[in-house]
Amino acid sequence: MTIDTHALGFGYGEKAVYATDPWASRGRLYEEGGSPTRSEFQRDRDRIVHTTAFRRLKHKTQVFIAQDGDHYRTRLTHTIEVAQIARALARALKLDEDLAEGVALVHDFGHTPFGHTGEDALHEVLLPFGGFDHNAQSLRIVTKLERRYADFDGLNLTWETLEGLVKHNGPLMTPDGKGIHGPVPQPILDYCEIHDLEIASFASLEAQVAAIADDIAYNTHDIDDGLRSGYLTFEMLEEVPFLAGLMAEVSARYPHLEPSRFTHEIMRRQITRMVEDVIAVSQQALAEIKPESVADIRAAGRVTATFSPEMAETDKQIKQMLFKRIYRHPDIMRIRAGAAQIVTDLFRAYMDNPKEMQSHYWVDHIAGLAVAAKARHVGDYLAGMTDTYAISAHKRLFDQTPDLR
């Protein structure tokens, strides 16, 4: 696909008509006065960055447990990379960069310690009480669990940022109320009762670029971390024709490049090609939809910011390689089993004796709650833990703690 370079918004000039206007925001659940120096979406971004939840991301696993080394991505560094790519896409498409960045920065707030392993384990123990979903948990954090402001719980973010958080991967239900990917998590339904996020429609284009930026970021940095760890080799990358082509290109230009520089030259080209592909596809979709407002983006009935069929196939091939070579590697699976045991053990211990949740603000009241309500609070506490805190908590309560090395 070819990019229309004349349509690119490389500067800070006028936004497109389909961009989300911060001065026409649908507002916040709790009314506040405006700021004379920042737009509403800038305020959202700043509130997100100053949260406890954001700081905790630095000690939460992306793929490799932090103990494996200081150079691997954490959930925080992944989030920063996603935000950078989202801003680049937003600027190219003349969107509101602050909204795109805010959605990118908040999108992983609800992740548990130990990556998707922790999420799977927490979902399993919470199944009798509605299960666990990291997007729904992100919403709980920013609307309820962050306790910073005198006038309200949560961050009181704008409707548009919350919409992007909940729907950046697409609508959650059909127009007739059926869940598209199974039942809609109850925390999302509960919130929509008081502040309707219109979960049957697509999100803004700013939220869509944050979602595709997430794919671009982790496809690239998981390869980088895989090569650093030794689970991947350059020969394995040749299983994906797209990556083989990038390596041939780098080798032809730099025939004697050291491995670390060779890796970086591959990765930077991968990000560039994927970003350019999304821009070209988005421009074509916009030419077909002809949106006159952000409402037209939401009502388009299709994703606007996505990969071309060719790049979508490459994306699929990269994910398959990563699952085969890294995510399902016997060493990683052994570590995953230990991490899942830590989460499961802690859940049961806290359900038996909530007083063990020493830093949880509900600790003095939780024992008298119904079982389902107590389980949800235990889930909140566990989901908020970092890897390091979960390991130390387990060592305090149990004689043996799995070795996650």
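Criteria and thresholds
Residues numbered from 1 in each chain as written. Predicted model: local features only at pLDDT ≥ 70, side-chain atom pairs only at ≥ 80, totals over all residues. Heavy atoms only, no water. Helix = DSSP H or I, 4+ residues; strand = E, 2+ residues; numbered from the N terminus. Rg over C-alpha atoms; globule rule 2.2 N^0.38 Å. Buried < 20%, exposed > 50% of the residue type's maximum accessible area, 1.4 Å probe, protein only. Contact = heavy atoms within 4.5 Å. Areas by Shrake-Rupley, 256 points an atom, 1.4 Å probe, with all protein chains shown as cover. Lys, Arg positive; Asp, Glu negative; His and termini not counted. Salt bridge = Lys/Arg side-chain N within 4 Å of Asp/Glu carboxyl O. UniProt positions renumbered as here; feature names shortened; annotations may be inferred. Expected span 1.5 Å × (residues − 1). Arc of directions from axis to C-beta. Axes fitted to C-alpha atoms, helices over the stretch in contact; angles between N-to-C directions. Parallel < 35°, antiparallel > 145°, perpendicular 65-115°, else oblique. Left-handed = near helix turned anticlockwise from the far one by under 90°. Nonpolar A, V, L, I, M, F, W, Y, C, P; charged D, E, K, R; others polar.

## Quick notes on the overall build of the protein chain
- Of the regular secondary structure elements, the protein chain holds 17 helices and zero strands.
- Relative to the globule expectation of 22 Å for 405 residues, the C-alpha radius of gyration of the protein chain, 22 Å, shows essentially globular dimensions.
- Taken over the C-alpha atoms alone, the protein chain extends approximately 65 × 55 × 40 Å along its principal axes.
- Each of the 405 residues in the protein chain was classed as buried or not, and the buried ones make up 54%.
- Nonlocal contacts in the protein chain, meaning residues at least 24 apart in sequence, comprise 73% of its contacts between residues at least 6 apart.
- About 18,600 Å² of surface is accessible on the protein chain, with carbon and sulfur atoms providing 51% of the total.

## Some remarks on the side chain of Glu 119
- Position of Glu 119 relative to the elements: it lies in helix H5 (residues 115-126).
- Comment: no salt bridge for buried Glu 119; closest opposite-charge side chain is Arg 75, at 6.6 Å.

## Some thoughts on the UniProt feature "domain: HD" (unreviewed entry) in the protein chain
- The feature "domain: HD" (unreviewed entry), as annotated in UniProt, sits at residues 75-219 in this numbering.
- In this annotation, residues 75-219 is assigned 59% helix and 0% strand; the end-to-end C-alpha distance for the span is 14 Å.

## Details of helix H11 (residues 241-253)
- Between its first and last C-alpha atoms H11 spans 19 Å; for 13 residues at 1.5 Å apiece the expected length is 18 Å, and the two agree.
- Inspection of H11 places Phe 242, Leu 243, Leu 246, Met 247 and Val 250 among the buried residues, and these make up the whole buried set. Seen end-on, H11 carries its buried residues on one side only, within an arc spanning 135°. Facing away from the buried side of H11 by more than 90 degrees, the exposed set consists of Pro 241 and Ala 252.

## Topic: the pattern of salt bridges
- This model, assessed by the stated rule, comprises 33 salt bridges.
- A salt bridge links Arg 73 to Asp 225; the nearest nitrogen and oxygen atoms lie 3.0 Å apart. Here Arg 73, found in the loop between helix H2 (52-56) and helix H3 (75-92), pairs with Asp 225, found in helix H9 (residues 205-229); they are 152 residues apart in sequence, far enough to count as distant. There is no split in this pair, since Arg 73 and Asp 225 are both buried.
- Note that Arg 261 is salt-bridged to Glu 258, the shortest N-O span being 3.1 Å.
- For Arg 261, a relative accessible area of 51% corresponds to the exposed category.
- A relative accessible area of 41% places Glu 258 in the partly exposed class.

## Examining the environment of Gly 115
- The topology assignment puts Gly 115 in helix H5.
- Residue classification places Gly 115 among the buried positions, given a relative accessible area of 1%.
- Along the sequence, Gly 115 and Arg 336 sit 221 residues apart, while their C-alpha atoms lie 9.2 Å from each other.
- Residues within four places of Gly 115 in sequence aside, it is in contact with Thr 61 and Arg 75.

## Observations regarding helix H7 (residues 159-167)
- When you tally the buried positions in H7, you get nine out of nine residues, the bulk of the element.
- If you check which residues of H7 are buried, you get Trp 159, Glu 160, Thr 161, Leu 162, Glu 163, Gly 164, Leu 165, Val 166 and Lys 167.
- Packing partners of the buried residues in H7 comprise helix H1 (40-49), helix H4 (97-106), helix H6 (134-145), helix H8 (186-194), H9 and helix H13 (294-298).

## Some points on the side chain of Arg 140
- Inspection of the secondary structure assignment puts Arg 140 in helix H6.
- With a relative accessible area of 12%, Arg 140 lands in the buried category.

## Quick word on the packing of H4 against H7
- Look at H4 against H7: their axes get within 9 Å of each other, and the N-to-C directions meet at 50°. The pairing of H4 with H7 is recorded here as oblique in orientation. Viewed along their axes, H4 and H7 form a crossing whose handedness is right-handed. On the side of H4, the interface is formed by Leu 99, Val 103 and Val 106, while H7 contributes Glu 160, Thr 161, Gly 164 and Leu 165.
- Class assignment for the residues of the contact of H4 with H7 results in four nonpolar, two polar and one charged.

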